[in-house]
Amino acid sequence: MGLLTEGINEVIATTDGNAAPMGIINRSGSLHMVLFRGSHTARNIARDRWVVANFVFDPVIYVRTAFDDLPEEAFVLEAIDGMVVCRLRDAEAWAAFAADVERSSDEALVVRLVPFHEEVLDLRLHPVNRGFASVVDATVHATRFVGNRDPWLKQLIEHHIGLARKCGGPREWEAVELLERYIGDLTGE
């Protein structure tokens, strides 16, 4: 499977009618995800034993799927070898994986992934954009901030929001505004 690179690949993971930003860890060809218990994604993967990695380069989708559900029309069902999986309609590429819980704790599941299908739908060049990367980082920190209100995470979020404003374009700025609304809702500001 050629879509994932070594390291942690940030994707929008889809399960049955659910989408969320996730990191797929690729270490020497071994693929894993760490899922926090209580999430729709963790429940769906443990139940259905599949996940789809959607390659999307829209920062607003990363923020929105971290905190909200997408409408039903955002998804497409794909039949692969007798199995039906769910992907994002607007993905540029996607890869489907069999997913098996390898380890489980009170807080998280470690899931081993085995690829079984991938498809490139719309190949576009995406130059490195620090604004986009900063939106992703701020969103990751914000999802953790939800659980513990750690002031250090709030500082990291603010740092990455500043970088997104400086280095991003209109779509990154829209994503930052959306993230700030979510953070404001979390902090009561």
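Residues numbered from 1 in each chain as written. Predicted model: local features only at pLDDT ≥ 70, side-chain atom pairs only at ≥ 80, totals over all residues. Heavy atoms only, no water.

Engineer: Tell me about helix H2 (residues 59–67), residues and numbers included.
Structural biologist: Among the residues of H2, Pro59, Val60, Ile61, Tyr62, Val63 and Thr65 are the ones counted as buried. The N-cap of H2, judged by a side-chain oxygen 3.0 Å from the amide nitrogen of Val60 a few residues on, is Asp58. (Buried < 20%, exposed > 50% of the residue type's maximum accessible area, 1.4 Å probe, protein only. Helix = DSSP H or I, 4+ residues; strand = E, 2+ residues; numbered from the N terminus. Polar contact = N/O pair within 3.5 Å; in protein donor to acceptor, adjacent residues only side chain to side chain.)

Engineer: Please provide a residue-by-residue account of the pattern of salt bridges, values included.
Structural biologist: If you walk through the whole model with that rule in mind, you get 13 salt bridges. Asp100 serves as the salt-bridge partner of Arg49, at 2.3 Å between the closest nitrogen and oxygen. Of this pair, Arg49 sits in the loop between helix H1 (40–48) and strand S4 (50–55) while Asp100 sits in strand S7 (residues 93–104), placing them 51 residues apart in sequence. With a shortest N-O distance of 2.9 Å, Asp122 and Arg124 are connected by a salt bridge. Since its relative accessible area comes to 44%, Arg124 is described here as partly exposed. Three or more residues joined by partner-sharing salt bridges are found here, namely Arg49, Asp100, Glu102, Arg103 and Arg112. (Salt bridge = Lys/Arg side-chain N within 4 Å of Asp/Glu carboxyl O.)

Engineer: Go over the packing of H2 against helix H3 (residues 130–148), please, and point to the residues and values.
Structural biologist: Across the interface, H2 lies against H3 with an axial gap of 9 Å and an inter-helix angle of 5°. In terms of orientation, H2 lies roughly parallel with respect to H3. The segment H2 lies against H3, with Pro59, Tyr62, Val63, Ala66 and Phe67 engaging Phe132, Val135, Val136, Thr139, Ala142, Thr143 and Val146. When grouped by side-chain class, the residues that make up the contact of H2 with H3 number ten nonpolar, two polar and no charged. (Axes fitted to C-alpha atoms, helices over the stretch in contact; angles between N-to-C directions. Parallel < 35°, antiparallel > 145°, perpendicular 65-115°, else oblique. Contact = heavy atoms within 4.5 Å. Nonpolar A, V, L, I, M, F, W, Y, C, P; charged D, E, K, R; others polar.)

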